[in-house]
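Letter by letter, the chains look like this.
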Amino acid sequence: QVHLVESGGGLVQPGGSLRLSCAVSGSIFRINVMGWYRQFLGKQRELVAVITSGGITNYADSVKGRFTISRDSAKNTVYLQMNSLKPEDTAVYYCNADLLIGSGAGPYDYWGQGTQVTVSS
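Residue numbers run consecutively from 1 along every chain, following the written order of its sequence. Residue-level local features of this predicted model are given only where pLDDT is at least 70; pairs of side-chain atoms are given and counted only at 80 or more, and the full residue set underlies all totals for whole chains, interfaces and linings. Each side-chain value is derived from all of the structure's non-hydrogen atoms; neither hydrogens nor water enter the calculation.

Enquirer: An account of the sheet that holds strand β3 (residues 18-26) is requested, with residue identities and associated values reported.
Expert: For two strands to be treated as a pair, DSSP must find at least two bridges joining them. Numbering of helices and strands runs from the N terminus; a helix is a DSSP stretch of H or I covering at least four residues, while a strand is a stretch of E covering at least two. Read across the sheet, four strands follow the order β1-β3-β8-β7 without closing on themselves; strand pairing throughout is antiparallel. Looking along the sheet, the strands with just one partner apiece sit at the ends: β1 (2-7) and β7 (67-72). Ignoring which end each strand starts from, the neighbouring axes of this sheet average 15° apart. Relative to β3, β1 runs antiparallel, the two being bridged by six bridges. Pairing of His-3 across the sheet is with Ser-25, part of β3. Lines fitted to the C-alpha atoms define the axes, with helices restricted to the stretch that makes contact. Angles between their N-to-C directions range from 0 to 180 degrees.

Next comes the structure, spelled out in structure tokens:
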């Protein structure tokens, strides 16, 4: 069993900051790509940022220069530092991990349960 547990969401005023965390636990052989996605109300889930095991990152144009993704491989944890938040960033944020399970099988795609981020005055 593999679990992704997110934390750090909440309510913040425009211009404020939040830091999301996602810890991956369970029978894991190797985590390849970790990432954050978001889903606006009534819309499909979209990419926010991803980071490879080698530290290569990719961001959605809408968050470049404001959000920073990072990972602690020793802790199997990925972070999303969100600065200069805007009301249009309001969404449910999901953590994603592409990984090989303990036997080496995979890769498989796993998702967290989602955490609400609301940017409002």
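Enquirer: Could you give me a rundown of the state of the cysteines, with the residues and numbers involved?
Expert: Any two cysteine sulfur atoms within 2.5 Å of one another count as a disulfide. A complete count under the given rule lists one disulfide for this structure. Through a disulfide, Cys-22 is tied to Cys-95; the S-S separation comes to 2.1 Å. Looking along the S-S bond of the Cys-22-Cys-95 disulfide, the torsion reads about -80°, which is the left-handed sense. Taken together, the residues span a long stretch of sequence, with Cys-22 in strand β3 and Cys-95 in strand β9 (residues 91-101) at a distance of 73 residues. Of the two residues examined, Cys-22 and Cys-95, each falls in the buried class. Accessible area is worked out with a 1.4 Å probe on protein chains only. A residue is then buried under 20% of its type maximum, exposed over 50%, and partly exposed in between.

Enquirer: Residues and numbers for unusual backbone geometry, please.
Expert: The omega torsion across Gly-106 and Pro-107 is 10°, close enough to zero to call that bond cis. Looking at the secondary structure, you find Pro-107 in the loop between β9 and β10 (108-111). Phi is positive for Asn-76, which is not a glycine, with a value near 50°. Within the fold, Asn-76 resides in the loop between β7 and β8 (77-82). On the basis of relative accessible area, Asn-76 is assigned to the partly exposed category, the value being 25%. In this model, Ser-84 sits at a positive phi of 50°, which is unusual for a non-glycine residue. With respect to the helices and strands, the residue Ser-84 is situated in the loop between β8 and β9. Owing to a relative accessible area of 40%, Ser-84 belongs among the partly exposed residues under this scheme.

Enquirer: How would you explain the packing of aromatic side chains if you had to name every residue and give the values?
Expert: Geometry of aromatic contacts follows a simple scheme: Phe, Tyr and Trp rings, the Trp one being its six-membered ring, pair when their centres are within 6.5 Å, and the pair is stacked under 30 degrees between planes, edge-to-face over 60, tilted otherwise. Under the counting rule described, the total for this entry stands at one aromatic pair. Plain terms: the ring middles of Tyr-37 and Trp-111 are 5.0 Å apart, the flat faces sit at 65° to each other, and that makes the pair edge-to-face. Placement of the pair is Tyr-37 in strand β4 (residues 28-39) and Trp-111 in strand β10, with a sequence separation of 74 residues. Given a relative accessible area of 35%, Trp-111 falls into the partly exposed group. Cation placement over rings: the criterion is NZ of Lys or CZ of Arg within 6 Å of the ring centroid and within 35° of the ring normal. Arg-19 extends its terminal NZ or CZ atom over the ring of Tyr-79, reaching a point 4.1 Å from the ring centre. It is Arg-45 that lies over the ring of Trp-111; its NZ or CZ is 4.6 Å from the centre.

Any functional reading would require information that these geometric values do not contain.
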